[in-house]
There are 2 protein chains.
Amino acid sequence: MTTRVGIYGYGNLGRGIECAVNSSNDMELVAVFTRRDPSTLKIASKNVAVVNVKDVASYQDKIDVMIICGGSATDLPEQTPNLAKLFNVIDSFDTHAKIPEHFANVDKVAKANGHIALISAGWDPGMFSLNRLYANAILPNGKDYTFWGKGVSQGHSDAIRRIKGVADAKQYTCPVQSALDAVRSGSNPELTTRQKHTRLCYVVLEEGADAKAVEAEIKNMPNYFADYDTTVNFISQEELNRDHSGIPHGGFVIRSGSTGANNEHKHIIEYSLKLDSNPEFTASVIVAYTRAIARLHKEGAVGCKTVFDIAPAYLSPLSGDELRATML
Amino acid sequence: MTTRVGIYGYGNLGRGIECAVNSSNDMELVAVFTRRDPSTLKIASKNVAVVNVKDVASYQDKIDVMIICGGSATDLPEQTPNLAKLFNVIDSFDTHAKIPEHFANVDKVAKANGHIALISAGWDPGMFSLNRLYANAILPNGKDYTFWGKGVSQGHSDAIRRIKGVADAKQYTCPVQSALDAVRSGSNPELTTRQKHTRLCYVVLEEGADAKAVEAEIKNMPNYFADYDTTVNFISQEELNRDHSGIPHGGFVIRSGSTGANNEHKHIIEYSLKLDSNPEFTASVIVAYTRAIARLHKEGAVGCKTVFDIAPAYLSPLSGDELRATML
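Residues numbered from 1 in each chain as written. Chains lettered and ligands numbered in written order. Predicted model: local features only at pLDDT ≥ 70, side-chain atom pairs only at ≥ 80, totals over all residues. Heavy atoms only, no water.

1. Quick look at the packing of aromatic side chains
So, point 1. According to the stated counting rule, one finds eleven aromatic pairs over all chains in the structure shown.
So, point 2. Judged by centre distance (5.2 Å) and plane angle (80°), the ring pair of tryptophan 123 of chain A and phenylalanine 128 of chain A falls under edge-to-face. The same class applies to tryptophan 123 of chain A as to phenylalanine 128 of chain A, namely buried.
So, point 3. Here the aromatic rings of phenylalanine 128 of chain A and tyrosine 271 of chain A are separated by 6.1 Å at their centres, their planes lie at 85°, and the arrangement is edge-to-face. Linking phenylalanine 128 of chain A in helix α4 (residues 127-138) with tyrosine 271 of chain A in strand β13 (residues 265-275), this pair joins segments that are 143 residues apart in sequence. For the pair phenylalanine 128 of chain A and tyrosine 271 of chain A, one class covers both residues: buried.
So, point 4. Connected via pairs of aromatic rings, a cluster forms that spans Tyr8, Phe33 and Tyr59 of chain A.
So, point 5. The side chain of lysine 196 of chain B reaches across the aromatic face of phenylalanine 147 of chain B, ending 5.2 Å from its centre.
So, point 6. Between arginine 199 of chain B and the ring centre of tyrosine 228 of chain B, over which it is positioned, the NZ or CZ distance is 4.1 Å. (Phe/Tyr/Trp six-rings, centres within 6.5 Å; stacked < 30°, edge-to-face > 60°. Buried < 20%, exposed > 50% of the residue type's maximum accessible area, 1.4 Å probe, protein only. Helix = DSSP H or I, 4+ residues; strand = E, 2+ residues; numbered from the N terminus. Lys NZ or Arg CZ within 6 Å of the ring centre and 35° of its normal.)

Set out below in structure tokens:
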């Protein structure tokens, strides 16, 4: 079975999806939808239509799953419910606090139109969420820890760029090694925000900007930096472009729990990711779940799902027999 | 919903199951079934029946899921299909090469009798298998590595104990740190058996035994030790009892893969376990899957399943709303 896919939005994530779809034998990219003038958008794939979003309805019978690559702040809360009227859809909505609301909105539309939808695919939410669930179900008596990084935080980099006098910036979130070690020892430490992560900033100043003032403004920024040990390095635009153009990320989900008549046996479950490209890895997760929901829809499933609702076998192109023989 | 559970076989695994069931609010242990004279078997739980296996059929309406705790070599190939006639069943069958055959046998009986069965629950097969599947589905272009240890291998310990002149023994399987480091670097090394694991043995000799001969026999034993760098330490029975009475285990499942137009971005997915008690952790996994199959059976599911076929949400006592709000 070939799954016919559309990509809605062609930024970093959309390009990652294109790449992941093209390296899957059972997937076919049908069209890329853009808010721009399609004639101005050059995509990597050959023989794939580039279409303005206003014409999306004409593709209703040509696409099995629409992969929506908008941002979580303003795009996805509108796009995913709207597109679920026309298509089976998948997104990477990552505003954790608003997931229940987004789920309800998408579920209603998807059910009313006989479609399946999957929200919040990626690695956090996504693979990290799965690992939290599995580990909690297995070790009910325990404690969860999630660490992020070392990786680029887009939101924090943007926050620095908005400061007066800043020409460009990249911010890395870094887990604190001693905190990781303490968690892995099974001692179940209580860790403050400051003890878990540090923030490392590379900043390019505009000509004549006051470095001390910029550094102080970064370090005291509420929510973003004030609760962290933050290091600010000023570098040239050339250095930023040369050394910090990548989008790496990663992190750790650890559950430390115990079993036994007197909880005398400790266990550590750890899942970690080390990613050269955050958007390409996110895209790879989304494409695996695209395969899953295409299959589930063929079986008659409708409504909104998350990674929690999908049996793992649906993600793989291999059959049940093949999976049991090679991976169990 | 309370799931009523039976335990069939009361060794290390059965006792671990008892412990895990008793710490789950939605589980009730109804009876322990034994091949021994029930009056001679003292179990940890109060007010739970101890019943001879010959009377198991009389419990057909009192038990939602029978957890079968026999060995994979000779017990489970008979017990699981037989008990699937009477009950929903779950086992930890771990002879990887024979899983397809066991699956087919159990599936046939379970379907014919309207029951659900889940085989090969635990950590390998089990959680390690799941992580192999997820990582392969996400990164189709990559390479898998599984390392075991540091942990006690029961089979290898038994093999040493069968040598003439050996009174007692414990064998630890240890992953080689330099091999782990090479895999984590993303270099996708080809690793021989010898390069991945070493074997560490603690041996108690019988009086008058020839230490050199025993050491040579261990190190040259085909399949078990000949392909590994093996260290043999001779110690007293007191030392063995004092320092090596635990059953720790663990290991690592790592997939190293790449994405991008020219595979220029590397990604490492790693799952690891560090377990003080192998049987108690295995039991904890089995009990989470027991919850899952009890629910699936209420929904009408029948036949044989594996961990690949179970959507993660079924493992947790939390509702879908709760899971999305707290773990996604």
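2. Observations concerning helix α1 (residues 12-22) of chain B
So, point 1. By the burial criterion, the buried members of α1 of chain B are Leu13, Gly14, Gly16, Ile17, Glu18, Ala20 and Val21 of chain B.
So, point 2. Against the buried residues of α1 of chain B lie β1 (3-8), β2 (27-34), β4 (65-68) and α10 (278-298) of chain B. (Contact = heavy atoms within 4.5 Å.)

3. A word on the interface of chain B and chain A
So, point 1. Contacts between the two partners involve 59 residues from chain B and, on the opposite side, 59 residues from chain A.
So, point 2. Together, the buried faces of chain B and chain A total about 5100 Å²; carbon and sulfur atoms form 66% of this surface.
So, point 3. Its largest share of buried area at the contact with chain A, chain B owes to Arg324, Met327 and Leu328 of chain B, together 16% of the area lost on that side.
So, point 4. Scanning the region where chain B abuts chain A turns up zero salt bridges.
So, point 5. If you list the elements that add at least two residues to the side of chain B that touches chain A, you get α3 (99-112), α4 (127-138), β13 (265-275), α10 and α11 (320-326) of chain B.
So, point 6. A per-element tally of the side of chain B that touches chain A places β13 of chain B first, with eleven residues.
So, point 7. When its residues are assigned to classes, the side of chain B that touches chain A shows 33 nonpolar, 14 polar and twelve charged.
So, point 8. As defined by bridge partners, β13 of chain A adjoins β13 of chain B across nine bridges and the pair is classed as antiparallel. Bridging from a neighbouring strand, isoleucine 268 of chain A pairs with lysine 274 of chain B of β13 of chain B. (Buried area = accessible area lost by both parts, 1.4 Å probe. Salt bridge = Lys/Arg side-chain N within 4 Å of Asp/Glu carboxyl O. Nonpolar A, V, L, I, M, F, W, Y, C, P; charged D, E, K, R; others polar. Pairing = 2+ DSSP bridges.)

4. Observations regarding the relation of the copies chain B and chain A
So, point 1. When chain B is fitted onto chain A, the two copies agree to an RMSD of 0.1 Å after a turn of 180° and an axial shift of 0.0 Å. Such a turn and shift between the copies fits a two-fold axis. Nearest to the rotation axis, the C-alpha of alanine 311 of chain B is located 1.9 Å from it, this being the minimum over chain B.
So, point 2. In this assembly the copies share their binding face: 100% of the residues contributing to the interface of chain B also contribute to that of chain A. (Least-squares fit on C-alpha atoms with pLDDT ≥ 70 in both.)

5. As for unusual backbone geometry
So, point 1. Here the bond from glycine 149 of chain A into lysine 150 of chain A is cis, since omega is 0°, no more than 30 degrees from zero.
So, point 2. Residue placement: lysine 150 of chain A occurs in the loop between β7 (142-148) and β8 (151-152).
So, point 3. Positive phi is not limited to glycine here, since asparagine 188 of chain A has a value of about 45°.
So, point 4. Considering the arrangement of structural elements, one finds asparagine 188 of chain A in the loop between α6 (177-184) and α7 (193-196).
So, point 5. The class of asparagine 188 of chain A is partly exposed, set by a relative accessible area of 30%.
So, point 6. Backbone geometry places serine 120 of chain B, a non-glycine residue, at a positive phi of 65°.
So, point 7. Assignment of secondary structure puts serine 120 of chain B in the loop between β6 (116-118) and α4.

Function-wise, these values are silent; they only describe arrangement.
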